[in-house]
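Fold and contact review
As a plain string of letters, each chain reads:
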Amino acid sequence: MDIDEIFGESRRPVSLPNKSAIYVWGYNHSRQTGGKDKERSLRIPKQLPPEIFGCPADGNSCWLDIACGREHTAVVASDGSLFTWGANEFGQLGDGTESARKHNKKVKQLQSDFVISVSCGAHCTDAIAEPRENDDTVSARRLWVWGQNQGSNYPRLF
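The structure reproduced in this document is the subject of the present report. Fair warning: this is a prediction, and the values are worked out from it, not measured in the lab.

Re the overall build of the protein chain
The number of helices and strands found in the protein chain is one helix and nine strands. In the protein chain, the succession of α and β elements from N to C terminus is α-β-β-β-β-β-β-β-β-β. At a minimum sequence separation of 6, the contacts of the protein chain that also span at least 24 residues come to 42%. Just so you have it, the protein chain exposes about 9100 Å², and 49% of that area is on carbon and sulfur atoms.

Some points on the pattern of salt bridges
Scanning the entire structure with this criterion turns up four salt bridges. Note that Arg-142 is salt-bridged to Asp-113, the shortest N-O span being 2.7 Å. Residue Arg-142 is located in strand 9 (residues 142–147), and its partner Asp-113 is located in strand 7 (residues 113–120); the two are separated by 29 residues in the primary sequence. Using a relative accessible area of 35% as the deciding quantity, one classes Arg-142 as partly exposed. Glu-130 serves as the salt-bridge partner of Arg-141, at 3.5 Å between the closest nitrogen and oxygen. Here the residue Arg-141 occupies a position in the loop between strand 8 (124–131) and strand 9, and Glu-130 occupies one in strand 8, the gap between them amounting to 11 residues.

Thoughts on the pairing of strand 5 (residues 82–86)
Among the five residues in strand 5, five count as buried, and that is most of the element. Direction of pairing for strand 4 (residues 72–77) relative to strand 5: antiparallel, over a ladder of five bridges. Note that in strand 5 the partner of Val-76 across the bridge is Leu-82. Where strand 4 folds back on strand 5, the antiparallel hairpin that results is connected by four residues, among which Gly-80 adopts a positive phi of roughly 85°. Judged from the three bridges that link them, strand 5 and strand 6 (residues 101–106) form a sheet pairing that is antiparallel. Note that in strand 6 the partner of Phe-83 across the bridge is Lys-106.

Describing the sheet that holds strand 5
The four strands are arranged 3-4-5-6 in an open sheet whose pairing can be described as antiparallel. For this open sheet the edge positions go to strand 3 (63–68) and strand 6, each flanked by a neighbour on one side alone. This sheet shows a mean twist of 15° between the axes of neighbouring strands, independent of strand direction.

As for the sheet that holds strand 9
The strand order across the open sheet formed by three strands is 7-8-9, and the pairing between neighbours is antiparallel. Either end of the sheet is taken by a strand with one partner, and the two such strands are strand 7 and strand 9. Strand-to-strand twist across the sheet, computed as the mean angle between neighbouring axes with direction ignored, equals 25°. As paired elements, strand 7 and strand 8 share seven bridges and run antiparallel to each other. In the strand pairing of strand 8, Cys-120 is matched with Thr-125.

Observations concerning a nonpolar patch on the surface
Where nonpolar side chains cluster on the molecular surface, the patch consists of Ile-128, Leu-143 and Val-145 and spans about 240 Å² of accessible area. Inspection of the secondary structure assignment puts Leu-143 in strand 9.

With respect to the side chain of Arg-101
Within the secondary structure layout, Arg-101 lies in strand 6. Exposure remark for Arg-101: the relative accessible area of 15% places this residue in the buried category. Looking at Arg-101, its side chain comes within polar contact range of the main-chain oxygen of Thr-84, at 2.7 Å. Looking at Arg-101, its side chain comes within polar contact range of the side chain of Asp-95, at 2.6 Å.

Criteria and cut-off values
- Residues numbered from 1 in each chain as written.
- Predicted model: local features only at pLDDT ≥ 70, side-chain atom pairs only at ≥ 80, totals over all residues.
- Heavy atoms only, no water.
- Helix = DSSP H or I, 4+ residues; strand = E, 2+ residues; numbered from the N terminus.
- Contact = heavy atoms within 4.5 Å.
- Areas by Shrake-Rupley, 256 points an atom, 1.4 Å probe, with all protein chains shown as cover.
- Salt bridge = Lys/Arg side-chain N within 4 Å of Asp/Glu carboxyl O.
- Buried < 20%, exposed > 50% of the residue type's maximum accessible area, 1.4 Å probe, protein only.
- Pairing = 2+ DSSP bridges.
- Axes fitted to C-alpha atoms, helices over the stretch in contact; angles between N-to-C directions.
- Patch = residues over 30% accessible without salt bridge, like charges linked within 9 Å, V, L, I, M, F, W, Y side chains within 5 Å.
- Polar contact = N/O pair within 3.5 Å; in protein donor to acceptor, adjacent residues only side chain to side chain.

So, in structure tokens, the structure goes:
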């Protein structure tokens, strides 16, 4: 399936696979691979259970995008919600704090938007989103950026 089949002109999903899964592995110092694993590294890919995102285990969970920073992870669900977890010393989780989180949580600031894609730098996160309420006459896409900003130690969601 190519990108044109998944996204229409507005880039909102029009045709999604019935089900998708998230597999994680690698460095796990800040629990950025999710779940309850206490290992410092996951050497074998492991599937994240959909229940940790509030999805039923037997449901059709679909994910639009996933990104990893140095010690944090961000995932876009098929409903346009953005989830983040892991290290947060620069505010890269977008929750207004600098407290690490080992479990995923929705980014509240973006709940009124449909997140289209997410990208992570070492200590920052960016997302492209558009308002859920949009008359589609004008592109209302916005770029949100938060986390470490060289020259500034103030984490903010812009």
